[in-house]
Each structure stands twice: as C-alpha cells, then as structure tokens.
Amino acid sequence: MSDHGLQAALPREMYVDETSWAREREAVLFRDWFCLGRVEDLGIAGPRRAMSATVAGESVLITSDEHGVLHAAYNVCRHRGCQLRPPDQPAGEASSLRCPYHSWTYGLDGRLLKSPHAEVPDPSEFALHPVGVETWWGFVFINLSPGSAAPLDEQVSHAGAALANYGIADLSTGRVLTYEVAANYKVLLENYNECYHCGPVHPELSRLVPSFAGGGSGLDWEQGIPHREGAWTFTTTGTTDRAALPGLDEHERTRHKGDLVYPNLMLSASADHVAAFVLDPLAVDRTRVTCTLLFAADEIAKDTFDPSDAADLWDVVNQQDWAICEAVQRGMSSRAYTHGWFAPMEDDSLDIRRWLLPRLENADG
C-alpha cells in the first residue's frame with residue numbers, strides 16, 4: 001500500500017505486450033478451467049454430437065458420445081497434425097471423427113478406430129490428446145492441461161455459494177447478445193469487479209441502483225444491492241411481468257447480486273433472470289463477449305414471453321462498459337503508461353492480482 005492509499009495495478013506489458021500474452025496463455029489460461037458457454041447453446045446436449053471451439057488460440061474438439069457423455073481433445077490428428085474439424089465449427093451429428101488428410105478415424109471418445117494403409121500395433125498410443133471437460137450449472141468448462149488440473153469445484157466454489165438460490169442450472173436462454181471489444185480480457189474483468197466507474201459511465205444503471213453511483217464502497221454483495229424505491233430487477237423500468245425466480249430469499253427477490261468465475265465467466269443475477277458473460281480472449285488487445293440472458297423455462301414457454309425489457313437495459317450497460325474498456329486499452333498502449341492504481345473501493349476479494357500473479361509465479365517456479 002502506498003502512502004496515498006492506492007495500490008499498484010498490473011504492469012502495462014500484461015495488457016499490451018505479445019510476449020507477456022503468450023506467457024499468460026500458457027501459464028494461466030491453458031491450466032485453469034475455461035468456460036465455453038451453455039450446454040444448450042453449444043448444441044452438444046444429447047448423444048452423438050461434435051463441435052470445435054477455440055480456447056485462447058487453441059482449437060479443441062468437444063463431443064458427446066452415444067451415451068451423451070462429454071469428451072474433449074485437441075483438434076490435432078495424431079498422424080500428421082491436420083485439424084480434424086475446421087476451427088469453431090458448430091455442433092452437429094457425428095458418429096466418429098475422420099481426419100480429412102489421410103482418413104485416420106477416431107471415436108467420439110478420442111480412441112483411434114482406423115488408420116488406413118498404416119498398421120498401428122497399439123492404437124491406444126495414438127488416441128487424441130485429451131482435454132478436460134466438465135459441466136457446472138449448465139455451463140461447459142474446458143481444461144487444456146487435464147493432467148495437472150485442480151478440480152473445477154475449487155474454481156466455482158465462491159460463485160456457487162453466492163448464487164446458490166438462483167437455480168442457474170435449470171434456467172434457459174432467452175436472449176443472446178454478442179460483442180467484440182478492442183481490449184484485453186483482464187480490462188473487462190477488472191471493470192466488472194468494481195463499481196467505482198458506475199456513476200460516470202452508467203447513468204441509467206445508477207438511477208436504477210442508486211448506491212452504484214456512490215463510488216462502489218460499502219456495497220454488501222453478500223446480501224445483494226437494493227434497487228431504487230419500487231424497482232426490483234434489472235430492466236428498463238426496474239420491474240417486469242415475469243415472476244421472481246423460485247428459491248430466492250427475501251433479499252434476493254428485490255436486490256441484485258453478482259460474481260466472477262476466473263478466468264472468463266461473469267455472472268450478474270437479478271430476481272427474474274441471470275446475465276452470464278463469457279469472455280473469449282482473441283488476442284492481447286481483443287475480446288469477444290457473449291452475454292446470455294437466462295430465464296425460468298416456464299416463463300420462456302409463455303406465448304407472451306419477451307425479454308426485451310432486460311435485454312434493452314443490458315445492451316445499453318454493456319456498450320457503455322465496452323466503450324470505456326476500449327478507452328482504457330488505448331490509454332494503456334501509450335508510452336506514458338507504466339501501470340495504473342487501485343483505489344481502496346477497488347480492493348475487492350476477487351481482485352485480479354490475487355488470482356493471476358500467484359499462477360504466473362507458480363508457472364515460473
């Protein structure tokens with residue numbers, strides 16, 4: 001802590017330097033559990049399905065076998081290294097995985113099934129390189145270093161306790177908003193983790209939740225943040241015709257909660273819906289964001305279901321966030337910038353330094 005009460009933030013190179021970005025990918029993003037999105041939206045629910053996805057630059061295959069069990073592997077044929085599927089190919093029906101180069105064929109569990117005109121004495125030695133895959137509350141998580149991966153439960157435990165009453169596993173997608181942001185993914189995480197910026201950046205949100213405009217200090221996220229008088233959820237009016245989610249306690253029915261699952265899942269919980277943000281780091285200075293609005297299935301089934309009251313507010317707030325994050329990224333790229341400072345109200349228990357720096361140090365050690 002400095003004598004002026006501010007703490008040094010992460011250094012400039014961790015947001016703009018390609019070498020630092022490569023190190024971070026290898027030491028952190030390829031070792032932690034990485035959220036891909038919702039099972040239902042990825043299209044891999046049910047048996048005999050296959051897709052490819054990119055995790056911070058690495059292409060992976062995700063499959064569902066004949067029993068509906070999920071598997072994942074690097075998108076690399078063991079013969080000559082050709083990709084078995086094009087990158088980011090949407091899910092579709094599949095009975096096996098055939099390499100387009102020489103027709104080596106693999107089961108949906110990664111086993112080598114056929115190697116035409118090439119005798120392989122022990123096919124088990126030529127199985128696809130495995131990738132860890134787990135689900136949590138309807139989300140799919142991937143780990144590119146499954147041999148050394150910590151249990152997913154450890155990574156999601158804080159959010160699991162904070163948002164236990166929202167029944168997120170049983171919610172369904174009502175609207176999806178996608179964005180491409182010209183900023184490092186950590187800028188977005190840091191922005192999400194504080195409300196110091198809410199007053200200047202989010203006038204509509206601050207009118208809905210007046211305490212957000214006060215600099216972000218003293219917010220009781222454990223009990224939730226109250227809305228203005230007469231409002232109880234994140235919509236353009238602060239109310240909605242949708243019922244509150246079942247299972248909420250008396251505070252959660254009128255307050256807002258949020259949590260963060262590092263490295264790339266942000267959860268923002270309202271009484272009638274939950275906004276899930278999945279960050280996809282595309283480059284050191286570029287991030288794709290998928291914002292999925294989750295609602296109770298019985299609300300979505302109604303003929304009158306219209307999520308626009310929530311989606312319209314979220315789109316305004318999101319675009320304000322992404323614009324300011326891009327301004328931060330541009331400023332960080334200046335030769336005048338060495339590192340920023342965290343004010344006391346930004347010193348949250350989920351501070352990015354406490355998550356990232358020990359992982360980099362352990363990798364170096």
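The structure displayed is predicted, hence computed values, not measured ones.

Engineer: I'm lost on the packing of helix α2 (residues 18–29) against helix α10 (residues 352–364) in this one. Help?
Structural biologist: When two helices pack together, their arrangement is given by the angle between their axes and by how far apart the axes lie. Interaxial distance between α2 and α10 falls to 9 Å at its minimum, and their mutual angle equals 90°. Between α2 and α10, the interaxial angle falls into the category roughly perpendicular. Across the interface between the two elements, Arg23, Glu24, Ala27 and Val28 from α2 touch Trp355, Leu356, Arg359, Leu360, Ala363 and Asp364 from α10. A class-by-class count of the residues in the contact of α2 with α10 yields six nonpolar, no polar and four charged.

Engineer: For this particular structure, what's the right way to read the pairing of strand β17 (residues 286–295)?
Structural biologist: Each regular strand displays side chains that alternate between the two surfaces of the sheet. Of all the ten residues making up β17, seven are buried; the element is thus mostly covered by neighbouring parts of the structure. Direction of pairing for strand β12 (residues 172–181) relative to β17: antiparallel, over a ladder of nine bridges. The residue of β17 that forms the bridge with tyrosine 179 is valine 289. Where strand β16 (residues 273–283) and β17 come together, ten bridges link them in antiparallel fashion. When the sheet's bridge partners are listed, alanine 283 is paired in β17 with arginine 286.

Engineer: Would you mind showing me how to read the packing of aromatic side chains here?
Structural biologist: Geometry of an aromatic ring pair is reported as the spacing of the ring centres plus the angle between the planes. In the structure shown here, the tally under the stated rule is twelve aromatic pairs. What links up through ring pairs into an aromatic cluster is the set Tyr179, Phe234, Phe277, Trp314 and Trp322. Geometry around phenylalanine 139 places arginine 38 over its ring, the cationic atom sitting 4.5 Å from the centre. Here lysine 186 stacks its cationic end above the ring of tyrosine 15, 5.1 Å away from the centre of that ring.

Engineer: Got a minute to help me understand the state of the cysteines in this structure?
Structural biologist: Where two cysteines share a covalent bond between their sulfur atoms, that bond is called a disulfide. This model, assessed by the stated rule, comprises one disulfide. The residue that forms a disulfide with cysteine 195 is cysteine 198, at a sulfur-sulfur distance of 2.0 Å. Looking along the S-S bond of the cysteine 195-cysteine 198 disulfide, the torsion reads about -105°, which is the left-handed sense. Sulfur of cysteine 291: no disulfide; nearest cysteine sulfur belongs to cysteine 35 and is 13 Å away. Classification of cysteine 291 as buried rests on a relative accessible area of 0%.

Engineer: I tried to follow the sheet that holds β12 on my own but got confused; where do I start?
Structural biologist: Pairing between sheet strands relies on hydrogen bonds along the backbone, with the strands arranged either parallel or antiparallel. Reading across from one edge, β12-β17-β16-β15-β14-β13 is the order of the six strands in this open sheet, with antiparallel pairing throughout. Taken across any chain shown, the strands that pair with only one partner, and hence form the sheet edges, are β12 and β13 (225–226). Taken together, the five bridges between strand β15 (residues 265–269) and β16 define a ladder with antiparallel strand orientation. Paired with serine 268 across the bridge in β16 is alanine 275. Against the sheet, helix α5 (residues 185–192) engages β12, β14 (255–261), β15, β16 and β17, with an angle of about 25° to β15.

Engineer: Hey, could you run me through the nonpolar core in this one?
Structural biologist: The tendency in soluble globular proteins is for nonpolar side chains to be buried side by side. Leu36, Ile62, Ile142, Leu188 and Phe212 are the most contacted members of the largest nonpolar core, which totals 71 residues. Among the elements that make up this core, the one with the highest residue count is helix α9 (residues 308–332) (eight residues). Here leucine 188 is in contact with Val181, Ala183, Met266, Leu279, Thr287, Val289, Trp322 and Cys325, once residues within four sequence places are set aside. With 25 residues, the next largest nonpolar core counts Leu245, Leu267, Val274 and Leu294 among its residues.

Engineer: Is there a simple way to explain the packing of α5 against α10 in this structure?
Structural biologist: At their nearest, the axes of α5 and α10 sit 10 Å apart, and the two run at 145° to each other. Between α5, through Tyr185, Lys186, Leu189 and Glu190, and α10, the contact on the second element is made entirely by Ile352, Trp355 and Leu356. Here the residues of the contact of α5 with α10 are counted per class, giving five nonpolar, no polar and two charged.

Engineer: I keep staring at the side chain of glutamine 329 and nothing clicks. Help me out?
Structural biologist: Examined against the element boundaries, glutamine 329 turns out to sit in helix α9. Not counting the four nearest positions on each side in its chain, glutamine 329 is found in contact with Tyr15, Val16, Ala182, Ala183, Asn184, Val187, Val284 and Asp285.

Engineer: For this particular structure, what's the right way to read the environment of threonine 233?
Structural biologist: Along the polypeptide, threonine 233 turns up in the loop between β13 and β14. Taking the C-alpha atoms as reference, threonine 233 lies 18 Å from alanine 164; in sequence the two are 69 residues apart. Here threonine 233 is in contact with Leu208, His227, Gly238, Thr239, Thr240, Ser270, Ala271, Asp272 and His273, once residues within four sequence places are set aside. Looking at threonine 233, its side chain comes within polar contact range of the side chain of aspartate 272, at 2.4 Å.

Engineer: For this particular structure, what's the right way to read the pattern of salt bridges?
Structural biologist: Side chains bearing opposite charge may pair, as long as their charged atoms lie close to each other. Under the criterion given, the structure shown has ten salt bridges. In this structure, the salt-bridge partner of glutamate 252 is lysine 257, at a minimum N-O distance of 2.8 Å. Assessed through its relative accessible area of 2%, glutamate 252 is described here as buried. The class of lysine 257 is buried, set by a relative accessible area of 7%. Linked through salt bridges whose partners overlap, the residues forming this network are Arg242, Asp272 and Asp309.

Here is what the cut-offs are and how they apply
Residues numbered from 1 in each chain as written. Predicted model: local features only at pLDDT ≥ 70, side-chain atom pairs only at ≥ 80, totals over all residues. Heavy atoms only, no water. Axes fitted to C-alpha atoms, helices over the stretch in contact; angles between N-to-C directions. Helix = DSSP H or I, 4+ residues; strand = E, 2+ residues; numbered from the N terminus. Parallel < 35°, antiparallel > 145°, perpendicular 65-115°, else oblique. Contact = heavy atoms within 4.5 Å. Nonpolar A, V, L, I, M, F, W, Y, C, P; charged D, E, K, R; others polar. Buried < 20%, exposed > 50% of the residue type's maximum accessible area, 1.4 Å probe, protein only. Pairing = 2+ DSSP bridges. Phe/Tyr/Trp six-rings, centres within 6.5 Å; stacked < 30°, edge-to-face > 60°. Lys NZ or Arg CZ within 6 Å of the ring centre and 35° of its normal. Disulfide = S-S within 2.5 Å. Core = buried A, V, L, I, M, F, W, Y, C linked by side-chain atoms within 4.5 Å. Polar contact = N/O pair within 3.5 Å; in protein donor to acceptor, adjacent residues only side chain to side chain. Salt bridge = Lys/Arg side-chain N within 4 Å of Asp/Glu carboxyl O.

Don't take any of this as a statement about function, it's just geometry.
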